[in-house]
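Chains, contacts and geometry: an overview
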Amino acid sequence: DSGVTQTPKHLITATGQRVTLRCSPRSGDLSVYWYQQSLDQGLQFLIQYYNGEERAKGNILERFSAQQFPDLHSELNLSSLELGDSALYFCASSVGLAGAPHEQFFGPGTRLTVL
Amino acid sequence: GQSLEQPSEVTAVEGAIVQINCTYQTSGFYGLSWYQQHDGGAPTFLSYNALDGLEETGRFSSFLSRSDSYGYLLLQELQMKDSASYFCAVRDNFNKFYFGSGTKLNVKP
């Protein structure tokens, strides 16, 4: 158990809908990262927040947005969902600004299925 | 742009040794990390190389050659539980993180 929690564990929804994924980082961690993993693919970096501020943005679609709240939990909002958005969404956290991937600790993920 | 290349699949027998290669291209280099992921599970950190050479952690070792933009993960005394996907990962100059597409390791009895 990494100490990073994600809810919900599974989410099934329809095309065109909007969902919110939630992540609570490890106690004391200030950075949160979001990744998307499509079937049999590697992890695609979406976005990073540090202490409430956006710090780095990857290939995140305009339909997706994220934020980090004062209590440091983060939410990833996915809107106008398409079939191709079906994937595992992972959140990771680190104490500070991770210098390398290994400093990040991953949550168990949210499996999103868009029908 | 940034890219990481790994073989898609490797098969080996229990007790054997297997090597998973990774070549990378990135703007800036802050080390090469390796992760293990079982089906449907979260990636878990295995090994990290910031400098050239071999890092050993139990049955797992990782090697890096920065001049060749190349690294590998070496798994010894393979066990059935090692059947999983293995990813190499890097960070670039813009604080973005990149993972390879993963190597699926099948361990057979």
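Residues numbered from 1 in each chain as written. Chains lettered and ligands numbered in written order. Predicted model: local features only at pLDDT ≥ 70, side-chain atom pairs only at ≥ 80, totals over all residues. Heavy atoms only, no water.

Thoughts on the state of the cysteines
Residues and elements named next belong to chain A. Summed over the entire model, instances satisfying the criterion amount to two disulfides over all chains. Here cysteine 23 connects covalently by a disulfide to cysteine 91, the sulfurs 1.8 Å from one another. Looking down the S-S bond of the cysteine 23 and cysteine 91 bridge, the torsion is -50°, so its handedness is left-handed. With cysteine 23 in strand E3 (residues 19–24) and cysteine 91 in strand E9 (residues 87–94), this residue pair connects regions lying 68 residues apart in the sequence. With relative accessibility at 0%, the residue cysteine 23 sits in the buried group. (Disulfide = S-S within 2.5 Å. Helix = DSSP H or I, 4+ residues; strand = E, 2+ residues; numbered from the N terminus. Buried < 20%, exposed > 50% of the residue type's maximum accessible area, 1.4 Å probe, protein only.)

A few points about the interface of chain B and chain A
Contacts between the two partners involve 21 residues from chain B and, on the opposite side, 24 residues from chain A. Surface buried jointly by chain B and chain A totals about 1700 Å² across both partners, of which 62% is contributed by carbon and sulfur atoms. The three residues of chain B that bury the most area against chain A are Pro43, Phe97 and Phe99 of chain B, which together make up 35% of that side's buried surface. Counting across the interface, chain B meets chain A through zero salt bridges. One can count three residue pairs in polar contact (both at pLDDT 80 or more) joining chain B with chain A. Looking at the side of chain B that touches chain A, the elements with two or more residues in it are strand E4 (32–37), strand E5 (44–49), strand E9 (84–91) and strand E10 (97–99) of chain B. Residues that form the side of chain B that touches chain A fall into these classes: 12 nonpolar, seven polar and two charged. (Contact = heavy atoms within 4.5 Å. Buried area = accessible area lost by both parts, 1.4 Å probe. Salt bridge = Lys/Arg side-chain N within 4 Å of Asp/Glu carboxyl O. Polar contact = N/O pair within 3.5 Å; in protein donor to acceptor, adjacent residues only side chain to side chain. Nonpolar A, V, L, I, M, F, W, Y, C, P; charged D, E, K, R; others polar.)

What to know about the sheet that holds strand E1 (residues 5–7) of chain A
Residue and element names in this part refer to chain A. Pairing in this open sheet of four strands is antiparallel, and the strands run E1-E3-E8-E7 from one edge to the other. With one partner strand each, in any of the chains shown, E1 and strand E7 (64–68) form the two edges of the open sheet. In this sheet, neighbouring strand axes are inclined to one another by 15° on average, regardless of whether the strands run parallel or antiparallel. The pairing of E3 with strand E8 (residues 74–78) spans five bridges and is classified as antiparallel. Directly across from arginine 22, in E8, lies its bridge partner glutamate 75. (Pairing = 2+ DSSP bridges. Axes fitted to C-alpha atoms, helices over the stretch in contact; angles between N-to-C directions.)

A short note on the pairing of strand E2 (residues 9–13) of chain B
All names here are of chain B. Burial along E2 is one-sided: Val10 and Ala12 are buried, while Glu9, Thr11 and Val13, pointing the other way, are not. Direction of pairing for E2 relative to strand E11 (residues 103–108): parallel, over a ladder of five bridges. Opposite alanine 12, over in E11, you have valine 107 as the bridge partner.

A few points about the packing of aromatic side chains
Working definition: an aromatic ring pair is given by the centre-to-centre distance plus the angle between the planes. Summed over the entire model, instances satisfying the criterion amount to 14 aromatic pairs over all chains. Ring centres 5.5 Å apart and planes at 80° place the aromatic pair phenylalanine 106 of chain A and tyrosine 35 of chain B in the edge-to-face group. Here the residue phenylalanine 106 of chain A occupies a position in strand E10 (residues 105–106), and tyrosine 35 of chain B occupies one in strand E4, the pair thus bridging two chains. With a centroid separation of 4.8 Å and an interplanar angle of 15°, the aromatic rings of tyrosine 24 of chain B and phenylalanine 29 of chain B are classed as stacked. Residue tyrosine 24 of chain B is classed as buried on the basis of its relative accessible area, which comes to 8%. Three or more aromatic residues joined by ring pairs make a cluster, and in this case those are Tyr33, Tyr35, Phe45, Phe90 and Phe106 of chain A together with Tyr35, Phe45, Phe97 and Phe99 of chain B. (Phe/Tyr/Trp six-rings, centres within 6.5 Å; stacked < 30°, edge-to-face > 60°.)

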